[in-house]
Amino acid sequence: GEGWVEVQKRPHGLFVDGYKVVLYQSESQKGNNAVLGTELREEIMLMPVLHPNIMEALLRNIHLIPDEYKKREKIFCWGIIYDELRNHLFVRCFEWDGGRWNIGSRWLDNTFSENCCAMVLAEN
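Residues numbered from 1 in each chain as written. Predicted model: local features only at pLDDT ≥ 70, side-chain atom pairs only at ≥ 80, totals over all residues. Heavy atoms only, no water.

(A) Focus on unusual backbone geometry. The phi angle at Asp-17 is positive, at roughly 50°, despite the residue not being glycine. Turning to its location among the elements, Asp-17 is positioned in the loop between β2 (13-16) and β3 (19-24). For Asp-17, a relative accessible area of 41% gives the class partly exposed. (Helix = DSSP H or I, 4+ residues; strand = E, 2+ residues; numbered from the N terminus. Buried < 20%, exposed > 50% of the residue type's maximum accessible area, 1.4 Å probe, protein only.)

Below you can see the structure in the form of structure tokens.
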């Protein structure tokens, strides 16, 4: 959330400031399972998750989004957790609906299935 970053689409994926972006799934999500968002948050809170500004930039420059992202139900940017007035915490995401990219969100008291993933930076 601070300063400028460089976002690049390379032949082997998406990169932010030279770090590869990976689509992370918890072991708890795999194999047709789902995990509560509150539990998932605890697991990934120390990971290098991406700020939703990256999602916004990608949606304004869709040529940068790797085609493999279209296979996911929802791709979450956990860099900010939002709080609605009714005290529901939620995280923002984007998704491919078969014809275009859309912005969405999910409350943390809902489940995150196998096709939901978080954008995180891989270690170099």
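(B) Examining the pairing of strand β6 (residues 89-96) more closely. Pairing geometry for strand β5 (residues 74-83) and β6, over five bridges, is antiparallel. Across the sheet, residue Phe-76 finds its bridge partner in β6, namely Cys-93. The loop that links β5 with its antiparallel partner β6 comprises five residues; one of these, Asn-87, has a positive phi angle of about 65°. Strand direction decides the pairing type here: β6 and strand β7 (residues 101-107), joined by seven bridges, are antiparallel. Following the sheet pairing, Phe-94 is matched in β7 by Ile-103. Turn length for the β6-β7 hairpin, with the two strands adjacent in sequence and antiparallel, is four residues, and the turn residue Gly-98 shows positive phi of about 100°. (Pairing = 2+ DSSP bridges.)

(C) Representation of the pairing of β3 in the model. In this sheet, β3 lies alongside β2 in antiparallel orientation, the contact comprising two bridges. Bridging from a neighbouring strand, Phe-15 pairs with Lys-20 of β3. Between the end of β2 and the start of β3, which pair antiparallel, lie two residues, with Asp-17 showing a positive phi angle near 50°. Sheet topology note: the β3/strand β9 (residues 116-121) ladder contains four bridges and is antiparallel. Across the sheet, Leu-23 pairs through a bridge with Met-119, a residue of β9.

(D) Seen up close, the sheet that holds β2. Pairing within the open sheet is mixed, and its seven strands lie in the order β1-β2-β3-β9-β5-β6-β7. Of all the strands in the sheet, the pair left with one neighbour each is β1 (7-10) and β7. When the angles between neighbouring strand axes are averaged without regard to direction, this sheet yields 40°. Together, β3, β5, β6 and β9 form the strand contacts of helix α1 (residues 37-44), whose direction differs from that of β5 by roughly 90°. (Axes fitted to C-alpha atoms, helices over the stretch in contact; angles between N-to-C directions. Contact = heavy atoms within 4.5 Å.)

(E) The arrangement of the nonpolar core in detail. One finds Val-21, Leu-58, Ile-65, Tyr-69, Ile-75, Phe-94 and Met-119 to be the most contacted residues of the largest nonpolar core, which totals 18 residues. Mapped onto this core, the elements with two or more residues apiece are β2, β3, α2 (52-60), β5 and β9. Looking at this core element by element, the count peaks at four residues for α2. Once you skip the residues sitting within four places of it in the chain, Tyr-69 turns out to touch Leu-14, Val-21, Leu-23, Ile-75, Phe-94, Trp-101 and Met-119. Judged by nonpolar contacts, the second largest core, of twelve residues, contains Ile-44, Trp-78, Val-91 and Cys-93. (Core = buried A, V, L, I, M, F, W, Y, C linked by side-chain atoms within 4.5 Å.)

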